[in-house]
Amino acid sequence: MLQTALHYSHTLLKEIIQPGDQVIDATMGNGNDTLFLSELVGPKGKVYAFDIQEQALTNTKEKLGDTAPQADLFLAGHETIETNVPEEQPIKAAIFNLGYLPNSDKSIITLPETTKQAMDAILKRLTVGGRMILVIYYGHDGGAAEKNQVLNYCGDLPQKDYSVLTYQFINQKNNPPILVCVEKKKGSQE
(Lines give C-alpha, C1' and ligand atoms only; values in the text may rest on other atoms or scores of the structure.)
Protein backbone atom coordinates (compact mmCIF):
# COMPACT_ATOMS: atom_id res chain seq x y z
CA MET A 1 0.00 0.00 0.00
CA LEU A 2 1.26 3.48 -0.83
CA GLN A 3 2.43 5.49 2.17
CA THR A 4 1.00 8.85 3.14
CA ALA A 5 3.35 11.80 2.69
CA LEU A 6 4.06 11.84 6.43
CA HIS A 7 4.86 8.13 6.61
CA TYR A 8 7.00 8.34 3.48
CA SER A 9 8.94 11.22 5.04
CA HIS A 10 9.85 8.89 7.93
CA THR A 11 10.91 6.15 5.50
CA LEU A 12 13.22 8.63 3.73
CA LEU A 13 14.73 9.69 7.06
CA LYS A 14 15.19 6.13 8.38
CA GLU A 15 17.17 5.28 5.24
CA ILE A 16 19.95 7.73 6.08
CA ILE A 17 19.97 8.74 9.77
CA GLN A 18 22.43 6.86 11.99
CA PRO A 19 23.02 6.96 15.75
CA GLY A 20 25.16 9.99 16.58
CA ASP A 21 23.89 12.15 13.69
CA GLN A 22 22.81 15.78 14.06
CA VAL A 23 19.34 16.62 12.66
CA ILE A 24 16.74 19.40 12.63
CA ASP A 25 13.00 19.40 13.23
CA ALA A 26 12.21 22.78 11.72
CA THR A 27 8.55 22.72 12.83
CA MET A 28 8.27 21.02 16.23
CA GLY A 29 4.46 20.99 16.32
CA ASN A 30 3.22 18.31 18.70
CA GLY A 31 6.64 16.67 18.95
CA ASN A 32 6.04 13.58 16.85
CA ASP A 33 8.95 14.19 14.48
CA THR A 34 11.17 15.40 17.33
CA LEU A 35 10.60 12.10 19.16
CA PHE A 36 11.08 10.07 15.96
CA LEU A 37 14.35 11.87 15.17
CA SER A 38 15.55 11.51 18.78
CA GLU A 39 15.07 7.76 18.57
CA LEU A 40 17.00 7.59 15.27
CA VAL A 41 20.01 9.64 16.42
CA GLY A 42 20.13 8.05 19.86
CA PRO A 43 21.76 9.50 22.98
CA LYS A 44 24.99 10.48 21.19
CA GLY A 45 23.16 12.43 18.47
CA LYS A 46 21.46 15.80 18.55
CA VAL A 47 18.03 17.06 17.47
CA TYR A 48 17.53 20.79 17.07
CA ALA A 49 13.76 21.44 17.17
CA PHE A 50 12.06 24.79 16.48
CA ASP A 51 8.58 26.25 16.91
CA ILE A 52 7.18 29.71 17.64
CA GLN A 53 4.27 28.50 19.76
CA GLU A 54 4.51 27.85 23.48
CA GLN A 55 1.85 25.14 23.04
CA ALA A 56 4.15 23.27 20.63
CA LEU A 57 7.03 23.43 23.09
CA THR A 58 4.81 22.21 25.95
CA ASN A 59 3.35 19.38 23.85
CA THR A 60 6.81 18.29 22.71
CA LYS A 61 8.31 18.35 26.21
CA GLU A 62 5.40 16.22 27.39
CA LYS A 63 5.80 13.76 24.51
CA LEU A 64 9.56 13.42 25.05
CA GLY A 65 9.47 13.22 28.84
CA ASP A 66 12.94 12.26 30.08
CA THR A 67 13.63 9.97 27.13
CA ALA A 68 15.34 12.43 24.79
CA PRO A 69 17.99 14.63 26.42
CA GLN A 70 19.57 14.83 22.93
CA ALA A 71 16.71 17.11 21.80
CA ASP A 72 17.36 20.85 22.09
CA LEU A 73 13.99 22.62 21.92
CA PHE A 74 13.86 26.23 20.78
CA LEU A 75 10.86 28.49 21.28
CA ALA A 76 11.84 30.27 18.09
CA GLY A 77 10.97 30.21 14.40
CA HIS A 78 12.90 28.02 11.99
CA GLU A 79 14.37 31.19 10.48
CA THR A 80 16.62 31.23 13.58
CA ILE A 81 18.42 28.03 12.53
CA GLU A 82 21.13 30.30 11.14
CA THR A 83 21.87 31.67 14.62
CA ASN A 84 20.98 28.62 16.78
CA VAL A 85 22.82 25.87 14.88
CA PRO A 86 26.55 26.51 14.39
CA GLU A 87 27.40 26.91 10.69
CA GLU A 88 30.20 24.35 11.00
CA GLN A 89 27.74 21.79 12.45
CA PRO A 90 27.09 19.12 9.81
CA ILE A 91 23.39 18.24 9.57
CA LYS A 92 22.37 14.81 8.24
CA ALA A 93 18.66 15.55 7.86
CA ALA A 94 15.93 18.09 8.46
CA ILE A 95 12.16 17.92 8.31
CA PHE A 96 9.44 20.55 8.00
CA ASN A 97 5.68 20.11 8.32
CA LEU A 98 4.50 23.36 6.77
CA GLY A 99 1.13 24.88 7.59
CA TYR A 100 -0.28 25.26 11.09
CA LEU A 101 -0.19 23.38 14.37
CA PRO A 102 -3.04 20.84 14.38
CA ASN A 103 -5.81 21.59 16.89
CA SER A 104 -4.59 25.13 17.47
CA ASP A 105 -4.92 28.66 16.11
CA LYS A 106 -5.09 28.22 12.32
CA SER A 107 -4.07 31.84 11.80
CA ILE A 108 -0.54 31.05 13.05
CA ILE A 109 1.09 29.53 9.99
CA THR A 110 4.52 28.96 8.54
CA LEU A 111 5.49 31.71 6.08
CA PRO A 112 7.29 31.62 2.72
CA GLU A 113 9.98 34.12 3.82
CA THR A 114 10.95 32.32 7.02
CA THR A 115 10.78 28.91 5.38
CA LYS A 116 13.19 30.12 2.68
CA GLN A 117 15.59 31.42 5.36
CA ALA A 118 15.45 28.05 7.10
CA MET A 119 16.03 26.10 3.89
CA ASP A 120 19.05 28.30 3.07
CA ALA A 121 20.52 27.65 6.55
CA ILE A 122 19.93 23.90 6.36
CA LEU A 123 21.40 23.46 2.88
CA LYS A 124 24.60 25.24 4.06
CA ARG A 125 24.98 22.58 6.77
CA LEU A 126 23.63 19.49 4.98
CA THR A 127 26.10 16.63 4.63
CA VAL A 128 26.63 14.76 1.36
CA GLY A 129 23.83 12.20 1.21
CA GLY A 130 21.84 14.25 3.72
CA ARG A 131 18.19 15.03 3.15
CA MET A 132 15.92 18.02 3.74
CA ILE A 133 12.28 17.00 3.73
CA LEU A 134 9.31 19.32 3.51
CA VAL A 135 5.75 18.08 3.97
CA ILE A 136 3.63 20.91 2.61
CA TYR A 137 0.08 21.31 3.91
CA TYR A 138 -1.45 24.10 1.86
CA GLY A 139 -5.24 23.98 2.20
CA HIS A 140 -5.37 27.12 4.37
CA ASP A 141 -5.07 30.87 3.79
CA GLY A 142 -1.47 31.57 2.82
CA GLY A 143 -0.72 27.91 2.14
CA ALA A 144 -0.68 28.16 -1.66
CA ALA A 145 1.90 30.97 -1.59
CA GLU A 146 4.21 28.93 0.63
CA LYS A 147 3.70 25.79 -1.47
CA ASN A 148 4.62 27.66 -4.65
CA GLN A 149 7.65 29.30 -3.04
CA VAL A 150 8.98 25.96 -1.74
CA LEU A 151 8.40 24.16 -5.04
CA ASN A 152 10.08 26.97 -7.00
CA TYR A 153 13.02 27.16 -4.56
CA CYS A 154 13.63 23.41 -4.63
CA GLY A 155 13.01 23.16 -8.38
CA ASP A 156 15.69 25.79 -8.97
CA LEU A 157 18.39 23.98 -6.96
CA PRO A 158 21.30 22.97 -9.24
CA GLN A 159 20.97 19.39 -10.48
CA LYS A 160 24.72 18.84 -10.14
CA ASP A 161 24.46 19.47 -6.37
CA TYR A 162 21.01 18.16 -5.39
CA SER A 163 18.42 15.57 -6.30
CA VAL A 164 14.87 16.79 -5.65
CA LEU A 165 11.87 14.48 -5.37
CA THR A 166 8.18 15.34 -5.02
CA TYR A 167 5.57 12.86 -3.80
CA GLN A 168 1.83 13.50 -3.74
CA PHE A 169 -1.46 11.74 -4.27
CA ILE A 170 -3.07 13.57 -7.19
CA ASN A 171 -6.53 11.97 -7.08
CA GLN A 172 -7.42 12.92 -3.50
CA LYS A 173 -9.70 15.75 -2.38
CA ASN A 174 -8.94 18.50 0.12
CA ASN A 175 -5.40 19.44 -0.93
CA PRO A 176 -3.41 16.31 -0.10
CA PRO A 177 0.03 17.22 1.28
CA ILE A 178 3.03 17.36 -0.99
CA LEU A 179 6.31 15.86 0.15
CA VAL A 180 9.53 17.36 -1.19
CA CYS A 181 12.85 15.66 -0.50
CA VAL A 182 16.14 17.40 -1.32
CA GLU A 183 19.21 15.17 -1.18
CA LYS A 184 22.73 16.60 -1.35
CA LYS A 185 24.92 14.88 -3.95
CA LYS A 186 28.60 13.99 -3.79
CA GLY A 187 30.80 16.70 -5.18
CA SER A 188 28.40 19.47 -4.14
CA GLN A 189 30.21 22.74 -3.44
CA GLU A 190 27.79 23.96 -0.77
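First, a word on what this report is: a plain description of the structure on this page. (Residues numbered from 1 in each chain as written. Predicted model: local features only at pLDDT ≥ 70, side-chain atom pairs only at ≥ 80, totals over all residues. Heavy atoms only, no water.)

### Concerning the layout of surface pockets
Rule in force here: A 1.4 Å probe that fits into a set of points on a 1 Å grid over the protein atoms alone but cannot get out defines a cavity; an open set with protein on both sides within 12 Å along at least five of seven lines defines a pocket, and lining residues are those with an atom within 4 Å of a point. Grid points are joined across faces, edges and corners, and a volume is the space filled by probe spheres set on the points. A run of H or I in DSSP becomes a helix once it reaches four residues, and a run of E becomes a strand once it reaches two; helices and strands are each numbered from the N terminus. When residues are grouped by polarity, Ala, Val, Leu, Ile, Met, Phe, Trp, Tyr, Cys and Pro land in nonpolar, Asp, Glu, Lys and Arg in charged, and all others, Gly among them, in polar.
As a volume, the largest pocket reaches approximately 590 Å³. Every residue lining the largest pocket is counted, 28 residues in all, and those nearest its centre are Thr27, Gly29, Asn97, Tyr100 and Leu101. Where the lining of the largest pocket is concerned, the elements lending two or more residues are α2 (32-41), β2 (46-51) and β4 (91-98). Its residues assigned to classes, the lining of the largest pocket comprises 13 nonpolar, 12 polar and three charged.

### With respect to the sheet that holds strand β5 (residues 126-136)
Test applied: The criterion for strand pairing is that DSSP finds at least two bridges linking the strands in question. Axis definition: a line fit to C-alpha positions, over the contact stretch in the case of helices; interaxial angles, taken between N-to-C directions, run 0 to 180 degrees. Contact between two residues is taken to exist if any of their heavy atoms lie within 4.5 Å; hydrogens are not considered.
One open sheet accounts for seven strands, arranged β3-β2-β1-β4-β5-β7-β6; its pairing is mixed. Only two strands of the sheet have a single neighbouring strand rather than two, namely β3 (71-75) and β6 (162-167). Adjacent strand axes in the sheet meet at a mean angle of 10 degrees, parallel and antiparallel pairs treated alike. One ladder, built from five bridges, connects β2 with β3; its direction is parallel. Looking at β3, one finds that Phe50 is bridged to Phe74. Contacts from helix α1 (residues 5-14) reach β4, β5, β6 and β7 (178-184), with the element oriented near 170 degrees to β5. Docked against the sheet, helix α5 (residues 112-125) engages β1 (22-25), β4, β5, β6 and β7, running at close to 160 degrees with respect to β5.

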